[in-house]
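# Secondary and tertiary structure notes
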Amino acid sequence: MKVLVINCGSSSLKYQLIDSETEKALAIGLCERIGIDGRLVHTPAGGEKVVKEAAMDTHEAAIKLVLEALTNKDHGVISSLEEIGAVGHRVVHGGEKFASSTMITDEVLNAIEECCDLAPLHNPANLIGIRACKALMPNVPMVGVFDTAFHQTMPEKAYLYGLPSEYYDKYRIRKYGFHGTSHSFVAKRTMELCNLDPNNSKIIVCHLGNGASITAVKNGKSIDTSMGLTPLEGLTMGTRSGDIDPAIIEFIMKKENKSIDEAIEILNKKSGVYGVSGISSDFRDLEAATADGDEKARTATDLFVYRAAKYIGSYVTAMNGVDAIAFTAGLGENDKNVRGGIMSYLGYLGVEMVVENNNTRGKEIKLSTDDSKVQVWVVPTNEELAIARETVALI
Ligand code: ADP
């Protein structure tokens, strides 16, 4: 079956058409600047990238262009829309309502709508994408795959904050966690690679991209994760602060005469390694600046690495051990300094690194020596394939 995977943001839309039998992408693409001017970048498998500047006022207009590109006689990959058997939608926040993927019905749409409070930047865009697809492909089954679902197995002691319980009772303020589709995909693959029994395994998945999170996966289930009510908690990220003393917010607001919205914007967009270095959120820029002797760039990288290593340590404690650690996403798959830096803290686990393997980029590879007590791997993530698999499984 051919599955269209849609990942809708507020002004962008990423898509892949995946053949579920071969698990290969037939085409991948992106609509950018929706509601502004509009650009479609479409790449058929094995073909040339097509870039089309085209007005797209709404997400529905963008999806129309995507469907046109997929069926175009020059760069299309299917002859008609009839070939699309299902659509899988990434949905960021499923609150406590969704512990797994689900067929999208009117009831489900309402439930996703109710989660908008928890993810005001993401869920409304996801809903727009789903509604636009339903309007254009009314008879095609659609599935919602939630970033939060995998973490719904966390025990109460992991997901509750030390706050008055009325806030959980009234507003469901708790840790939800994100990147669940990626953590689940990578954990499963790591179990295969390490020959671990799914029901007797302890894995730590480090999803290190611009947004970054680490998850403790015990017996195939998420038991703790570093992101929280929102994706701001946890690791120091590209531009997000991660964990800070909450009192800092009031302190900055008073000293700098900022509103609460401005303070939160600083924590989301101006902090992390970007804020610490004053240079960039991209680790390639930090590496270049460090090589030129920039101390702040070095400090930002050190801080990122140190925080990640501390999270790993805390999850070793939470699981009373660890069998395997997996690195994934932009940094986890590509950045030898970040991986090497984190691994340099893991000697107490009996981890020894094969330097030559760590010098590779973007491929599945074992980083630890054969006699390391804990295996460490690079496992490239593929959230779109994971969404396509879930979609096929459900319909
Ligand atoms: P997100 O999906 O959260 O926006 P990504 O997973 O794409 O983020 O990761 C972005 C990060 O990955 C950037 O900091 C970038 O420096 C790093 N990265 C991506 N490609 C490479 C590469 N080839 N070498 C080193 N770092 C890379």
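The structure presented is a predicted model; accordingly, all values stated were derived computationally and were not measured.

## A word on the pairing of strand β4 (residues 39–44)
- Relative to β4, strand β3 (residues 24–32) runs antiparallel, the two sharing 6 bridges. Paired with C31 across the strands is L40, a residue of β4.
- Taking the residues that link successive antiparallel strands as the turn, the β3-β4 hairpin has 6 residues, and the phi of R33 there is positive, at about 55 degrees.

## A word on a nonpolar patch on the surface
- On the surface, M1, M103, L394 and I395 cluster together to form a nonpolar patch covering roughly 280 Å² of accessible area.
- Position of I395 relative to the elements: it lies in the segment after α15 (383–394).

## Re the sheet that holds strand β5 (residues 50–53)
- Overall, mixed pairing links the 8 strands, which are arranged β5-β4-β3-β2-β1-β6-β8-β7 in an open sheet. Edge positions in the open sheet fall to β5 and β7 (102–103), since each of these has one partner strand only.
- Bridge count between strand β1 (residues 2–8) and strand β2 (residues 13–19): 7 bridges; the pairing is antiparallel. Looking at the pairing, L4 lines up with L17 of β2.
- Along the sheet face, helix α1 (residues 59–71) touches β1, β2, β3, β4, β5 and β6 (84–91) and points at about 35 degrees away from the line of β2.

## Examining the pattern of salt bridges
- Summed over the entire model, instances satisfying the criterion amount to 19 salt bridges.
- Here E166 ties to K170 by a salt bridge, and the two come within 3.5 Å at their closest N and O atoms. In this pair, E166 and K170 both sit in helix α5 (residues 165–171), 4 residues apart, roughly one turn of the helix.
- Measuring nitrogen to oxygen at the nearest pair gives 3.3 Å for the salt bridge that ties E233 to K175. Linking E233 in the loop between β11 (221–225) and α7 (247–256) with K175 in the loop between α5 and α6 (180–193), this pair joins segments that are 58 residues apart in sequence.
- For E233, a relative accessible area of 21% gives the class partly exposed.
- Via salt bridges that share partners, E32, R39 and E53 belong to a single interconnected network.

## Topic: the UniProt feature "active site" (unreviewed entry) in the chain
- According to UniProt, the feature "active site" (unreviewed entry) maps to D147 in the numbering used here.
- For D147, the position within the fold is in the loop between β8 (142–146) and α4 (156–159).
- The contact partners of D147, leaving out residues within four places of it in the chain, are R90, V91, V92, G177, F178, H179, G180 and T181.
- Of the polar contacts made by the side chain of D147, one reaches the side chain of R90; its length is 2.5 Å.

## Details of the pairing of strand β14 (residues 375–378)
- Pairing between strand β12 (residues 324–328) and β14: 4 bridges, direction parallel. Across the sheet, the residue bridging to F327 is V378, located in β14.
- Where strand β13 (residues 365–366) lies against β14, 2 bridges are found, and the strand directions are antiparallel. Of the residues in β14, the one forming a bridge with K366 is W377.

## What to know about the UniProt feature "binding site: Mg(2+)" (unreviewed entry) in the chain
- Here, UniProt's "binding site: Mg(2+)" (unreviewed entry) annotation points to N7 and E383. Spatially, the listed residues are clustered: although they cover 377 residues, their C-alpha atoms lie within 9.9 Å of one another.
- Here N7 shows up in strand β1.
- Using a relative accessible area of 17% as the deciding quantity, one classes N7 as buried.
- Discounting residues that sit within four places of it in the chain, N7 has contacts with S12, L13, K14 and R90.
- In this fold, E383 is placed in helix α15.
- The partly exposed category is assigned to E383, whose relative accessible area is 23%.
- When residues no more than four places from it in sequence are discounted, the contact partners of E383 are T181, S182 and H207.

## As for the site of the ligand
- The environment of the ligand is made up of G209, N210, G211, S281, D282, F283, R284, A329, G330, L331, N334 and R361.
- Residue D282 places a side-chain N or O atom 2.6 Å away from an oxygen atom belonging to the ligand.
- Out of a free accessible area of 570 Å², the ligand has 68% covered by protein chains.
- At the level of secondary structure, the elements contributing two or more residues to the shell around the ligand comprise α10 (283–291) and α12 (329–334).
- Ranked by residue count, the leading element in the shell around the ligand is α12, at 4 residues.
- Tallied by class, the residues present in the shell around the ligand amount to 3 nonpolar, 6 polar and 3 charged.

## A look at the side chain of H183
- Looking at the secondary structure, you find H183 in helix α6.
- Assessed through its relative accessible area of 0%, H183 is described here as buried.
- Not counting residues within four places of it along the chain, the set of residues in contact with H183 comprises F150, H151, F178, V205, H207, S213, I214 and T215.

Criteria and cut-off values
- Residues numbered from 1 in each chain as written.
- Predicted model: local features only at pLDDT ≥ 70, side-chain atom pairs only at ≥ 80, totals over all residues.
- Heavy atoms only, no water.
- Pairing = 2+ DSSP bridges.
- Helix = DSSP H or I, 4+ residues; strand = E, 2+ residues; numbered from the N terminus.
- Patch = residues over 30% accessible without salt bridge, like charges linked within 9 Å, V, L, I, M, F, W, Y side chains within 5 Å.
- Areas by Shrake-Rupley, 256 points an atom, 1.4 Å probe, with all protein chains shown as cover.
- Salt bridge = Lys/Arg side-chain N within 4 Å of Asp/Glu carboxyl O.
- Contact = heavy atoms within 4.5 Å.
- Axes fitted to C-alpha atoms, helices over the stretch in contact; angles between N-to-C directions.
- Buried < 20%, exposed > 50% of the residue type's maximum accessible area, 1.4 Å probe, protein only.
- UniProt positions renumbered as here; feature names shortened; annotations may be inferred.
- Polar contact = N/O pair within 3.5 Å; in protein donor to acceptor, adjacent residues only side chain to side chain.
- Near = heavy atom within 4 Å.
- Nonpolar A, V, L, I, M, F, W, Y, C, P; charged D, E, K, R; others polar.

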